[in-house]
Amino acid sequence: TIDISDYIVPGKNSITVRAEDSMSCVQPRGKQRWKAENFGCWYVQTTGIWKTVWMEEVPDTYLERVKLTPDIDEEKVRIEVKLNHRPEQKVSLNCEIRLDENEIAVYTVDIRSEYARFDIKVSNPEEPWGMVLWSPENPKLYDMTLRLASESGEDEARSYFGMREISIQDGKVLLNHVPLYQRLILDQGYWEESHLTPPSEEALIKEIDLIMAAGYNGLRKHEKTEDERFLYWCDKKGLLVWCEMPSTYAFHEETMDGYTPQWLEIVKQNYNHPCIITWTAFNESWGVEQIFTDKRQQQFTEGIYHLTKAYDMMRPVIVNDGWEHTVSDILTLHDYEADGNRLYRHYMDCRESILNNQVPHSGERFAFAEGYHYRGQPVIISEFGGIAFTGDDNGWGYGDKVHNEEEFLLRFRNITQAIKNLPYVCGYCYTQVSDVQQEVNGLMDIRRKYKTDPAKIKEVNDAGRNLGLAPDREIS
């Protein structure tokens, strides 16, 4: 945010916003390439501005940020307000909360400093609706209007929140105290015509609807901080989201200088969205390539973990999604094994060895970095699948390509059911929503057209566990 008041003159003004890009590997860049051509699973970069820029008029004293923290046990929401500066005289803040057309609470407080914090009850025992919890099945949102009155004028901001709680207990992730089995899909957030920039709000809504139609209850937004309108519609529709930091690809002091403030800003910016249930700070040792043994890189990831938890005590934080975790609230593993039986047998037969870091869980990768141990965290297979399916020999995915819908569904069903049958695993994330440039392992092509009937995908995702499965039987 830039205050341009001192630069505006009477009459016509021209405002230019300039963004500079680079090929630097210390720049958080996610899946954007740092070479002249696409390679592997890295794509053409989106240079310059890719999200909305806007201008607004505010009084001298205005609302700069609001932090909303639900407490479902106490049936209240904590509201933390930051003004742009300490007011010279006290200002009045009025907060109105509504659920649908029903007035839930009206609260007024005088503010004498830059920060203010107060709690508001969101249930009324005299009314029939009481407190309404947010969940994928019932994504109810409370609307909120904040009005700040000062000598310089009135500033009004509208927001919303969902009453929900994320917690971890006995190796499970809980939503509102109920175990949550996460059926996620990896979403790169790339578009054919505009790369990182969504072509329209309608395109975002369509993508969410298509994901939900295939039986997924959430997504892992991979290596990208998505447009806030996407998160708004996930809040409205009840689609769970893992929010992730775009990776760097080299480690030294300049990396930490750029990464740390940007990650904290992402957490602050997206904190209020009820759909976000997990923060993913690092992925597959990208940017911390020597984390398995390098104490400095390990300490850096620990620092980011504790910084995130200091700002947000609600949500789990994943450190190094996929392998070589340091401190992490969830143990996430990546495995692109194409055979369902081998996948099932490996994670059943080697469970204790994998969790105790005695054997790699996939390839040469161990679950934890050296010196770190399993502490009873929930286990999620947060990348698997990646089945390449185009009908021709172009592009790539993980494992051998399939040639028709029948081959695709057989492999998809077998590997998905194999993970579901693992009794200690409490969720999965399939790779991925759509094709992206040379990577053709999406359930949809780059134009968001399903390659197979999404109802058949939904049938697999909705199926329960088949715990009577014999290790040497084909999964069906």
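Everything below is about the structure shown above.
Residues numbered from 1 in each chain as written. Predicted model: local features only at pLDDT ≥ 70, side-chain atom pairs only at ≥ 80, totals over all residues. Heavy atoms only, no water.

Asker: What am I meant to see in the overall build of the chain here?
Answerer: The helix and strand tally for the chain stands at eight helices and 20 strands. Radius of gyration (C-alpha) of the chain: 24 Å, near the 23 Å computed for a compact globule of 476 residues. Along the first, second and third principal axes, the C-alpha set of the chain runs to 75 × 60 × 45 Å. The buried share among the 476 residues of the chain stands at 53%. For the chain, restricting intrachain contacts to residue pairs at least 6 apart in sequence, the fraction spanning at least 24 positions comes to 67%. Of the roughly 22000 Å² that the chain leaves accessible, carbon and sulfur atoms contribute 48%. Across the chain, 53 positive and 79 negative side-chain charges occur, with their mean positions spaced 1 Å apart. (Helix = DSSP H or I, 4+ residues; strand = E, 2+ residues; numbered from the N terminus. Rg over C-alpha atoms; globule rule 2.2 N^0.38 Å. Buried < 20%, exposed > 50% of the residue type's maximum accessible area, 1.4 Å probe, protein only. Contact = heavy atoms within 4.5 Å. Areas by Shrake-Rupley, 256 points an atom, 1.4 Å probe, with all protein chains shown as cover. Lys, Arg positive; Asp, Glu negative; His and termini not counted. Charge placed at Lys NZ, Arg CZ, Asp CG, Glu CD.)

Asker: Would you take a moment to explain the sheet that holds strand 2 (residues 76–83) for this structure?
Answerer: Remark on secondary structure: sheet strands pair via backbone hydrogen bonds, oriented parallel or antiparallel. Within the open sheet, the three strands sit side by side as 1-2-5. Their pairing is antiparallel. Two strands lie at the open edges of the sheet, namely strand 1 (63–71) and strand 5 (115–121), each paired on one side alone. Neighbouring strand axes in the sheet, compared pairwise and without regard to direction, differ in orientation by 20° on average. As paired strands, strand 2 and strand 5 are joined by seven bridges and run antiparallel to one another. Paired with Ile 79 across the strands is Phe 118, a residue of strand 5. (Pairing = 2+ DSSP bridges. Axes fitted to C-alpha atoms, helices over the stretch in contact; angles between N-to-C directions.)

Asker: Where do I start with a nonpolar patch on the surface in this structure?
Answerer: Residues Ile 8, Ile 15, Val 17, Ile 49, Val 53 and Met 55 make up a contiguous nonpolar surface patch of about 570 Å² in total accessible area. When you line up the elements, Met 55 lands in the segment before strand 1. The class for Met 55 is exposed, based on a relative accessible area of 64%. (Patch = residues over 30% accessible without salt bridge, like charges linked within 9 Å, V, L, I, M, F, W, Y side chains within 5 Å. Salt bridge = Lys/Arg side-chain N within 4 Å of Asp/Glu carboxyl O.)

Asker: In this structure, what is going on with the pattern of salt bridges? I would like to understand it.
Answerer: Any two side chains of opposite charge can pair, so long as their charged atoms come close to each other. Scanning the model with the defined rule gives 32 salt bridges in all. Between Lys 90 and Asp 110 there is a salt bridge, with the nearest N and O atoms lying 3.6 Å from each other. Pair noted here: Lys 90 is in the loop between strand 2 and strand 3 (91–99) and Asp 110 is in strand 4 (residues 102–111), with a separation of 20 residues, a long-range link. With a closest N to O distance of 2.8 Å, Asp 312 and Arg 315 form a salt bridge. Among the ionic contacts, a cluster of salt bridges with common partners joins Glu 96, Arg 98, Glu 103, Arg 147 and Glu 156.

Asker: Whenever I open this one, the nonpolar core confuses me. Can you help?
Answerer: In summary, soluble globular proteins display a tendency toward joint burial of nonpolar side chains. Counting residues in hydrophobic clusters, the biggest one holds 92 residues, and the most contacted among them are Tyr 216, Trp 263, Phe 408, Phe 412, Tyr 430 and Leu 443. Not counting residues up to four positions away in its chain, the partners in contact with Tyr 216 are Arg 183, Leu 184, Ile 185, Ile 211, Leu 239, Phe 412, Tyr 428, Tyr 430, Leu 443, Ile 457 and Asn 461. The next biggest cluster of nonpolar side chains, apart from the first, holds 27 residues, and it includes Ile 79, Leu 99, Val 132 and Phe 161. (Core = buried A, V, L, I, M, F, W, Y, C linked by side-chain atoms within 4.5 Å.)

Asker: Would you mind showing me how to read the environment of Gly 48 here?
Answerer: Relative to the assigned elements, Gly 48 resides in the segment before strand 1. Since its relative accessible area comes to 30%, Gly 48 is described here as partly exposed. With 26 residues separating them along the chain, Gly 48 and Ser 22 place their C-alpha atoms 9.9 Å apart.

Asker: Hey, could you run me through helix 4 (residues 295–311) in this one?
Answerer: Residues lying three or four places apart along an α-helix face the same way, a consequence of the helix completing one turn every 3.6 residues. In this model helix 4 runs 25 Å from its N-terminal to its C-terminal C-alpha over 17 residues, within 8% of the 24 Å that 1.5 Å per residue would give. Along helix 4, the residues classified as buried are Gln 297, Gln 298, Phe 300, Thr 301, Glu 302, Ile 304, Tyr 305, Thr 308 and Tyr 311. Buried positions along helix 4 lie against strand 1, helix 3 (253–270), strand 16 (276–280) and strand 17 (317–318). At the N-terminal boundary of helix 4, the capping side chain belongs to Asp 294, with an oxygen 2.8 Å from the backbone nitrogen of Arg 296. (Expected span 1.5 Å × (residues − 1). Polar contact = N/O pair within 3.5 Å; in protein donor to acceptor, adjacent residues only side chain to side chain.)

Asker: Explain the packing of helix 5 (residues 340–349) against helix 7 (residues 405–420) to me, please; I cannot follow it from the model alone.
Answerer: Geometry of a packed helix pair, given as the angle between the helix axes and the separation of the axes. Relative orientation of the contacting elements helix 5 and helix 7 amounts to 15°, with a least axis distance of 8 Å. Judged on the interaxial angle alone, helix 7 and helix 5 are roughly parallel. Taken as a pair, helix 5 and helix 7 cross one another with a handedness that is right-handed. Residues Gly 340, Leu 343 and Tyr 344 of helix 5 lie in contact with helix 7, whose contacting residues are Asn 414, Ile 415, Ala 418 and Ile 419. When grouped by side-chain class, the residues that make up the contact of helix 5 with helix 7 number five nonpolar, two polar and no charged. (Parallel < 35°, antiparallel > 145°, perpendicular 65-115°, else oblique. Left-handed = near helix turned anticlockwise from the far one by under 90°. Nonpolar A, V, L, I, M, F, W, Y, C, P; charged D, E, K, R; others polar.)

Asker: I'm lost on the packing of helix 3 against helix 4 in this one. Help?
Answerer: Two numbers describe how helix 3 lies on helix 4: the axes approach to 10 Å, and their chain directions differ by 20°. It follows that helix 3 is roughly parallel to helix 4 by the angle criterion. Crossing of helix 3 against helix 4: the hand is right-handed. Contacts from Glu 253, Met 256, Tyr 259, Thr 260, Trp 263, Leu 264, Val 267 and Lys 268 in helix 3 reach Arg 296, Phe 300, Ile 304, Leu 307, Thr 308 and Tyr 311 in helix 4.

Asker: Hey, could you run me through the environment of Ile 415 in this one?
Answerer: For Ile 415, the location among the structural elements is in helix 7. In the structure, Ile 415 is positioned 72 residues away from Leu 343 in sequence and 7.1 Å away in space, judged by C-alpha atoms. The residues touching Ile 415, leaving out its near neighbours within four places in the chain, are Glu 337, Ala 338, Asp 339, Gly 340, Leu 343, Phe 384, Gly 385, Ile 387 and Tyr 430.

Asker: Just to check I follow, could you spell out the sheet that holds strand 10 (residues 166–169) for this structure?
Answerer: Reading across the sheet, the three strands line up as 10-11-12 and stay open at both edges, with antiparallel pairing between neighbours. Each edge of the sheet is formed by a strand with only one pairing partner; in this case those strands are strand 10 and strand 12 (178–179). Pairing geometry for strand 10 and strand 11 (residues 172–175), over four bridges, is antiparallel. If you follow Ser 167 over to strand 11, its bridge partner there is Leu 174.

Asker: Looking at this structure, how should I read the side chain of Asp 155?
Answerer: Its location among the elements puts Asp 155 in strand 9 (residues 153–161). One buried charged residue, Asp 155, remains without a salt bridge, the closest side chain of opposite sign being Arg 147 at 10 Å. A distance of 2.8 Å separates a polar side-chain atom of Asp 155 from the backbone nitrogen of Leu 63.

Asker: Honestly, helix 8 (residues 454–462) in this entry has me stumped. Any pointers?
Answerer: For helix 8, the set of buried residues is Ile 457, Val 460 and Asn 461. Relative to the axis of helix 8, the buried residues are bounded by an arc of 100° and lie together on one face. Contacts made by the buried residues of helix 8 are with strand 13 (182–187), helix 7 and strand 20 (425–431). Near the N-terminus of helix 8, the side chain that reaches the backbone nitrogen of Ala 455, with its oxygen 3.0 Å away, is that of Asp 453. (Arc of directions from axis to C-beta.)

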